[in-house]
Amino acid sequence: MATATQQLPETMFAWRKHRGNPEPVWEQVPLPVPTSTGVLVQLLASGVCRSDHHHLTRETQPKWFQEKWTLGHEGCGKIIKFGSSETEATSKFKVGDIVALHSVPGCGESTCPECSRGLAQICQTGHHSGIGQDGYYAPYCAIDVRGLYRVPEGVSPAVAAVATDAVQTAYHAIVRRAEVKPHETVFLFGLGGLGWNALQVVRHIGARVIVSDVRQSRLDEAVKLGVPKEDVVPIGKSIPEFVEERGLHIDTTLDFVGVHQTFQDAQAIVRRGGKLLCVGSIDSENTVHMHVGTRKRLTFLFTYGGQHGDLDDVLDLIAKGVIQPQVETGRLEDFPRVLKDLTSGKIECRYALLQGEELEKMDRAKAA
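This write-up is about the structure you can find in this document. Along each chain, the written sequence defines residue order, and numbers are assigned to residues from 1. Local features are withheld for residues below a pLDDT of 70 in this predicted model, meaning they are given only at 70 or higher, and side-chain atom pairs are given and counted only at 80 or more; totals for whole chains, interfaces and linings count all residues. Side-chain measures were taken over the full set of non-hydrogen atoms in the model, leaving aside hydrogen atoms and water.

**Some points on the nonpolar core**
Right, on to step 1. Ranked by internal contacts, the top residues of the largest apolar core, which has 52 residues, are Ile174, Leu188, Leu199, Val211, Leu254 and Phe256.
Right, on to step 2. Labels follow the DSSP assignment, with helices taken as runs of H or I lasting at least four residues and strands as runs of E lasting at least two, numbered in each case from the N terminus. For this core, the secondary structure elements donating two or more residues are α3 (157-177), β9 (185-189), α4 (195-205), β10 (208-212), α5 (216-225), α9 (310-319), β15 (350-354) and α11 (356-367).
Right, on to step 3. Element by element, the count of residues in this core is highest for α3, at 12 residues.
Right, on to step 4. In this analysis, two residues are considered to be in contact whenever any of their non-hydrogen atoms come within 4.5 Å of each other. The residues touching Leu188, leaving out its near neighbours within four places in the chain, are Gly195, Ala198, Leu199, Val209, Ile210, Val211, Ser212, Leu254 and Phe256.
Right, on to step 5. Within the second largest apolar cluster, 18 residues are counted, among which are Leu71, Tyr137, Leu332 and Phe335. Nonpolar cores were defined as sets of buried Ala, Val, Leu, Ile, Met, Phe, Trp, Tyr and Cys residues, with membership established by side-chain atoms within 4.5 Å. When accessible area is computed with a 1.4 Å probe and restricted to protein chains, residues below 20% of their type maximum are described as buried, those above 50% as exposed, and intermediate ones as partly exposed.

In structure tokens, the structure reads:
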């Protein structure tokens, strides 16, 4: 076994989900052991997501969900140990490398119905870090080499952790699923954790983007980014009326909210032959107006996570300053409070929980 020189503990404390309990449990668990094709990573940052609340409070889940498991599906850390001395991991990485962690890298088998089609993010067999199986709200995690992505120089672990979901999901949705092109006019619902990054992806593509949010502070941020004021829907204004009054032709709607009103408005404003991209899912069920969809020949697109290669693209765009995620930071112990603040709207964008040397940097900066 290839190991790092540092002394490793036998146990650690982690934030865990217990079936039947809607509150996170701070629990002592054994140190994870990497498989022969995996690595042991010391976490430096773990991103908090609204879906953590969903995982805690919803008991009807896919079959792979365990009775007890460690939460957290957005991670970045340092490789400290390899599962074997001769693997794909050792040929690509070394101890000490800073890596972003893909939570669902798939099983990688050629016979897998999903992985064989390049859809590893919806594989039912591979490990799902922080989604029913042990994830990243802990000091250490074990992950297969397929889930490792080198973090470029200048990208902080906090941003890299958030990039694995909040940026990658937005990028995959817009670039691969909706295939937004520069000549299009798109309508973006929501400028929160994912929507803010989606806005930057669309602007990088070069498409015109009309934006809507229920928070004036988020609309103000969009204007600062460069969105013309005439392309910002005033709070309280009917979105169909806004589009009609300006004679806009919306090629694609990007719904990063997913409530009844946004889903209904999207169907009303998109042009004939248009596309509706569904990303947010605050309301678990929405209504498709069949006559509208049929007569306008609409295409409804759903999306989840990102495919292999997407995260490399995203990290490169972040390193170049094309995408600048907004990330607040705190301590791992604060997870329950942070999640409540996120779901109540007190946190407007994204949040990462720091550990190790990144936490020490944060503490020093606050003390300065």
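**Points about the packing of aromatic side chains**
Right, on to step 1. Ring pairs shown here join Phe, Tyr and Trp side chains whose ring centres sit within 6.5 Å, with only the six-membered ring taken for Trp; geometry is labelled stacked below 30 degrees between planes, edge-to-face above 60, and tilted in between. With the rule as written, the count across this model stands at 8 aromatic pairs.
Right, on to step 2. Plain terms: the ring middles of Phe65 and Trp69 are 5.6 Å apart, the flat faces sit at 85 degrees to each other, and that makes the pair edge-to-face.
Right, on to step 3. With relative accessibility at 9%, the residue Phe65 sits in the buried group.
Right, on to step 4. Each residue in the set Phe13, Trp15, Trp26, Tyr137 and Phe335 is aromatic and connected to the rest through ring pairs, giving one cluster.
Right, on to step 5. The criterion is that NZ of a Lys, or CZ of an Arg, lies within 6 Å of the ring centre and within 35 degrees of the ring normal, and then a charge sits over that ring. Taking the ring centre of Trp196 as reference, the NZ or CZ of Arg218 above it sits at 5.1 Å.

**What to know about the sheet that holds strand β1 (residues 11-18)**
Right, on to step 1. Within the open sheet, the 3 strands sit side by side as β2-β1-β4. Their pairing is antiparallel. Either end of the sheet is taken by a strand with one partner, and the two such strands are β2 (25-30) and β4 (68-70). Across the sheet, the axes of successive neighbouring strands diverge by a mean angle of 55 degrees, strand direction being ignored.
Right, on to step 2. As paired elements, β1 and β2 share 6 bridges and run antiparallel to each other. Opposite Trp15, over in β2, you have Trp26 as the bridge partner. Between any two strands, at least two bridges found by DSSP are needed for them to pair. Note on geometry: axes are C-alpha line fits, over the in-contact stretch for helices, and angles between N-to-C directions span 0 to 180 degrees.

**Things to note about the sheet that holds β10**
Right, on to step 1. Reading across the sheet, the 5 strands line up as β10-β9-β11-β12-β13 and stay open at both edges, with parallel pairing between neighbours. Edge positions in the sheet fall to β10 and β13 (299-302), since each of these pairs with one other strand and no more. Direction aside, the axes of adjacent strands within the sheet are offset by 20 degrees on average.
Right, on to step 2. Note: strand β12 (residues 270-278) against β13, 4 bridges, orientation parallel.

**Topic: the pairing of β9**
Right, on to step 1. Burial runs high along β9: 5 of the 5 residues are buried.
Right, on to step 2. Neither face of β9 is exposed, since Thr185, Phe187 and Phe189 on one face and Val186 and Leu188 on the opposite face are all buried.
Right, on to step 3. Pairing of β9 with β10 involves 5 bridges; the strand directions are parallel. Paired with Phe189 across the two strands is Ser212, which belongs to β10.
Right, on to step 4. Assessed by its sense of winding, the connection that carries the chain from β9 through α4 to β10 is right-handed. A right-handed crossover is one whose linking path, passing over the helix from the first strand to the second, runs clockwise when the strands point away from the viewer.

**A word on the pairing of strand β11 (residues 250-255)**
Right, on to step 1. Most of β11 sits out of view: 6 of its 6 residues are buried.
Right, on to step 2. By the bridge criterion, 5 bridges tie β11 to β12 in an arrangement that is parallel. Across the sheet, the residue bridging to Ile250 is Val270, located in β12.
Right, on to step 3. After leaving β11, the chain enters helix α7 (residues 260-269) and then returns to the sheet as β12, a path that is right-handed.

**Digging into the environment of Glu230**
Right, on to step 1. Relative to the helices and strands, Glu230 resides in the loop between α5 and α6 (239-245).
Right, on to step 2. Remark: the alpha-carbon pair of Glu230 and Arg246, spanning 16 residues in sequence, is separated by 9.4 Å.
Right, on to step 3. Residue contacts for Glu230: discarding those within four places in its chain leaves Phe242 and Arg246.

**So, the packing of α3 against α9**
Right, on to step 1. At a minimum axis distance of 9 Å, the contact between α3 and α9 shows a crossing angle of 110 degrees. As judged from the angle between their axes, α3 and α9 are roughly perpendicular. Our pair here, α3 against α9, has a crossing hand that is right-handed. Together, Val159, Ala160, Ala163, Thr164, Val167, Gln168, Tyr171, His172 and Arg176 of α3 and Asp310, Leu311, Asp313, Val314, Leu315, Leu317 and Ile318 of α9 make up the contact between the two elements.
Right, on to step 2. Here the contact of α3 with α9 is composed, by residue class, of 10 nonpolar, 3 polar and 3 charged. Roughly parallel means an angle under 35 degrees; roughly antiparallel means over 145; roughly perpendicular covers 65 to 115; every other angle is labelled oblique. Left-handed describes a crossing whose near helix is turned anticlockwise from the far helix through less than a right angle; right-handed describes the clockwise counterpart. Each residue gets one label: Ala, Val, Leu, Ile, Met, Phe, Trp, Tyr, Cys and Pro are nonpolar, Asp, Glu, Lys and Arg are charged, and the others, such as Gly, are polar.

All quantities given are derived from atomic positions and should not be read as evidence of function.
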